[in-house]
Amino acid sequence: MRVAFLVFLSAICVSGYNVDKKESTVLIAILIRNKAHILPYFFSYLESLDYPKDRISLWIRSDHNEDNSLQIIDAWLNTTRDLYHSVDYQFSVQPKRRASENSFHDWSNERFNDVIRLKEEALYKAKVMWADYIFFLDADVILTEPSTLRYLTSLKLPIVGPLLQSESLYSNFWGGMTPKYYYVRTEEYTEIMKYEKMGEFVVPMIHSAVLLDMRLAKIDSLTFNKPNLNKMLANSNQEYTGPNDDIITFAVSANLSHVPMYISNKKQFGHITVPLEGDETMAKDKEKLTDVLLSIVNELGDISIVSSMREFIEFPKKDRLEFSKIFMVNLVRRDERRKKMEKNFDLLGLEVEHFAAIDGKQMNEEWIKQQGIEFMPGFVDPYHDRPMTYGEIGCFMSHYLIWKKMVEEKLELVLILEDDVKFEPYFRTRVTNILAQARKSGKTFDLLYFGRKALSHKDERYIPGTTNLVEVGYSYWTLGYVLTLKGAQKLLAQEPQKKMVPVDEYLPIMFNHHPKERYKSQFNPRDLVAWSTAPLLLFPTHYTGDEGYISDTEQSLTIKVTNAKSDENANNLEPAVISDSKSIFSHQELNAEHQRTEL
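Q: I would appreciate a short explanation of the overall build of the chain in the present structure.
A: Secondary structure summary: the chain contains 17 helices and 24 strands in total. Put simply, the chain has 599 residues, and 53% of those count as buried. For the chain, restricting intrachain contacts to residue pairs at least 6 apart in sequence, the fraction spanning at least 24 positions comes to 79%.

Next up, the structure:
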């Protein structure tokens with residue numbers, strides 16, 4: 001019998017018998033203060049992580065709240081507490097602010113000391129419970145990638161953080177640090193942020209979402225506490241003279257302990273809001289969150305909210321800003337685009353009227369004749385050397401019918417949007433600022449581009465008395481533009497449906513900045529006053545060649561015309577030249593990769 005048992009054991013060893021291992025245990029440490037506006041999203045995506053919840057322990061601390069953060073924490077824990085291995089949650093109700101604080105987001109030395117104490121407590125908790133990992137996670141982080149925790153633990157790195165995106169180049173890591181512990185922007189930082197190089201990279205500091213492998217002996221020497229750091233330096237006759245800052249102190253302790261810190265951009269893990277500065281208010285923090293949520297909608301099509309958090313979601317009351325109406329042009333069959341845009345409008349608080357676009361796929365030559373549509377003799381697309389497509393006809397007629405509606409209803413100021421746009425950060429605030437600048441200039445416009453593709457910057461100059469408005473050169477796209485009643489009347493007066501060209505050719509003809517004189521000569525007067533925001537407020541959701549790119553204008557059948565012939569000079573457009581660093585446009589804009597500069 002004993003021989004048989006030994007033979008059985010031997011067979012197991014020889015066959016390489018494998019036992020499925022459980023996932024590593026993780027303690028997630030979370031500090032929360034005045035985050036009621038973001039907590040429903042934070043908790044929803046935390047709950048959506050695909051890591052086994054029975055291998056996760058939660059350590060949550062919250063204090064000095066001036067909003068209903070505690071109510072939201074309770075509501076979430078009431079439905080999830082039993083799913084996790086353990087939950088250690090403590091909070092304080094009073095006072096709302098520390099005596100040393102001037103605002104709800106003021107980082108006084110007293111607040112730094114409290115945060116440092118709490119993070120040291122969380123680190124100790126992970127040690128005594130023998131957690132394999134501790135994941136420090138700030139409440140202003142939204143992890144949209146479900147596999148984030150599973151992927152980070154699989155890397156088996158001592159310290160690693162997931163790259164988090166924001167409205168600009170702000171993120172949760174530093175590319176460089178001076179000997180005096182100040183931030184340094186490096187070339188590699190930008191490459192990592194823009195995913196020009198992908199993988200895991202050693203960096204001098206990470207924060208806000210940081211995973212530590214507690215099984216490594218050197219991790220025991222890490223600290224957030226400045227006095228502890230100086231104890232580490234005692235034998236070297238050195239002293240840490242940097243700020244009393246938890247994340248900088250921790251980074252220095254990792255460097256002294258020869259424990260590398262990594263940032264990973266192998267996946268698009270999620271987002272982080274940019275911290276408030278100076279006298280910025282809670283309203284500003286909510287605006288920053290809105291921009292993060294808009295990015296999530298554009299990336300994923302929707303925002304995931306768990307049932308326990310739905311009651312705490314608040315959308316702003318909708319209005320039309322300063323416009324008589326806002327229209328969104330959308331093909332009825334492009335229902336997915338309409339729904340995505342409506343989610344954007346909910347987040348921005350915009351009251352928008354859906355305008356059913358004329359569908360090129362549903363028209364034919366007979367329909368064109370019935371509408372009285374005729375085409376400009378000899379017109380060919382300057383880049384594709386072809387007549388108009390049915391999609392371009394539908395696009396033109398959609399905008400044309402809105403212009404007619406404006407005149408019929410006497411709409412003084414209208415914003416016209418297409419259904420494939422991304423809104424730049426602080427869109428509402430920027431629109432208000434732009435319109436105020438226009439009024440203050442003492443001049444008037446007929447057409448104001450919010451989004452366009454600039455093909456020539458010749459004669460583009462700032463409108464006197466403004467900082468974000470320019471005269472417009474030859475441009476394509478009708479992503480989003482403001483049109484006045486007077487502008488609509490000018491566009492209709494030329495009866496463009498009888499000499500039709502694509503709408504984004506017609507507009508520059510009408511403001512007299514089209515490069516083809518023989519096209520311009522078909523229309524008189526060409527006195528449309530056209531401006532553009534600089535920088536732009538809208539961009540396409542996809543560019544040609546991007547995954548998911550669809551064009552219902554370009555990717556459709558061309559009309560049959562007998563009078564269209566190629567113009568040998570069609571492609572001889574004057575190139576845009578950047579003469580010096582003071583140009584209002586960048587080289588990236590010329591390639592439709594626009595810089596996103598805040599107004």
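Q: Honestly, the nonpolar core in this entry has me stumped. Any pointers?
A: As a rule of thumb, soluble globular proteins bury nonpolar side chains together. Judged by nonpolar contacts, the single largest core of 84 residues is most densely connected at Ile28, Phe43, Phe135, Phe423 and Phe450. Setting aside chain neighbours within four positions, we find phenylalanine 43 in contact with Ile32, Ile72, Ile73, Trp76 and Met309.

Q: Help me out: how do you make sense of the side chain of asparagine 344 in this one?
A: Relative to the elements of secondary structure, asparagine 344 occurs in helix α10 (residues 335–348). If we skip the residues at most four places from it in the chain, asparagine 344 touches Leu294, Val297, Asn298, Val421 and Phe423.

Q: Is there a simple way to explain the packing of aromatic side chains in this structure?
A: For any pair of aromatic rings, the description consists of the separation of the ring centres together with the inter-plane angle of the planes. This structure, assessed with the given rule, holds 25 aromatic pairs. Considering the side-chain rings of phenylalanine 345 and phenylalanine 423, the 6.3 Å spacing of their centres and the 75 degrees angle between planes classify their relative orientation as edge-to-face. A residue pair is termed long-range when its members are at least 10 positions apart, and phenylalanine 345 in helix α10 and phenylalanine 423 in strand β19 (residues 421–423) qualify at 78 residues. Taken together, the aromatic side chains of Phe396, Tyr400, Trp403, Tyr506 and Phe523 make up a single cluster linked through ring pairs.

Q: Where do I start with the sheet that holds strand β11 (residues 200–203) in this structure?
A: Whether parallel or antiparallel, the strands of a sheet pair through hydrogen bonds between backbone atoms. The 8 strands are arranged β3-β2-β1-β4-β13-β6-β14-β11 in an open sheet whose pairing can be described as mixed. Only two strands of the sheet have a single partner each, and these edge strands are β3 (86–91) and β11. On average, each strand axis in the sheet is inclined to that of its neighbour by 20 degrees, with strand direction left out of account. Sheet analysis places strand β6 (residues 159–162) next to strand β14 (residues 261–264), joined by 4 bridges and oriented parallel. Across the sheet, the residue bridging to glycine 161 is isoleucine 263, located in β14. This element, helix α3 (residues 69–80), spans β1 (26–32), β2 (56–62) and β3 of the sheet and lies at about 165 degrees to β3.

Q: Looking at this structure, I do not really get the pattern of salt bridges. What am I missing?
A: Side chains bearing opposite charge may pair, as long as their charged atoms lie close to each other. Across all of its chains, the model carries 35 salt bridges by this definition. Across the salt bridge formed by aspartate 285 and lysine 35, the nearest N and O atoms sit 3.7 Å from each other. Of this pair, aspartate 285 sits in helix α9 (residues 282–300) while lysine 35 sits in the loop between β1 and α2 (39–47), and the two are 250 residues apart along the sequence. Accessibility classification places aspartate 285 together with lysine 35 in one group, the buried group. Residues glutamate 351 and arginine 320 are paired through a salt bridge, measuring 2.9 Å at the closest nitrogen-oxygen approach. Residue glutamate 351 is located in the loop between α10 and β17 (353–356), and its partner arginine 320 is located in the loop between α9 and β16 (325–330); the two are separated by 31 residues in the primary sequence. Classification of glutamate 351 as partly exposed rests on a relative accessible area of 36%. Several salt bridges converge on common partners, so that one network encompasses Arg33, Asp63, Arg98, Glu101, Asp114 and Arg117.

Q: I'm lost on the pairing of β11 in this one. Help?
A: Note on strand geometry: in a regular strand, side chains alternate between the two faces of the sheet. Residues Phe201 and Val203 of β11 are buried on one face, while the alternating residues Glu200 and Val202, pointing to the opposite face, are not. Where β11 meets β14, 4 bridges bridge the pair, whose relative direction is antiparallel. Within β14, the residue paired with glutamate 200 across the bridge is serine 264.

Q: Even after reading the chapter, I still don't get unusual backbone geometry, so can you show me in this structure?
A: Only a minority of non-glycine residues have a phi that is not negative, and only a minority of peptide bonds are not trans. Cis geometry is adopted by the peptide bond preceding proline 525, which originates at asparagine 524 and carries an omega value of 0 degrees. Inspection of the secondary structure assignment puts proline 525 in the loop between α16 (517–520) and β23 (530–533). Even without glycine at this site, histidine 64 takes up a positive phi of about 50 degrees. Along the chain, histidine 64 falls in the loop between β2 and α3. The buried category is assigned to histidine 64, whose relative accessible area is 10%. One non-glycine residue, tyrosine 181, lies in positive phi territory at about 70 degrees. Summarising the element assignment, tyrosine 181 is placed in the loop between β9 (176–177) and β10 (183–184).

Procedures and definitions
Residues numbered from 1 in each chain as written. Predicted model: local features only at pLDDT ≥ 70, side-chain atom pairs only at ≥ 80, totals over all residues. Heavy atoms only, no water. Helix = DSSP H or I, 4+ residues; strand = E, 2+ residues; numbered from the N terminus. Buried < 20%, exposed > 50% of the residue type's maximum accessible area, 1.4 Å probe, protein only. Contact = heavy atoms within 4.5 Å. Core = buried A, V, L, I, M, F, W, Y, C linked by side-chain atoms within 4.5 Å. Phe/Tyr/Trp six-rings, centres within 6.5 Å; stacked < 30°, edge-to-face > 60°. Pairing = 2+ DSSP bridges. Axes fitted to C-alpha atoms, helices over the stretch in contact; angles between N-to-C directions. Salt bridge = Lys/Arg side-chain N within 4 Å of Asp/Glu carboxyl O.

Everything listed here is a matter of geometry and, on its own, says nothing about what the molecule does.
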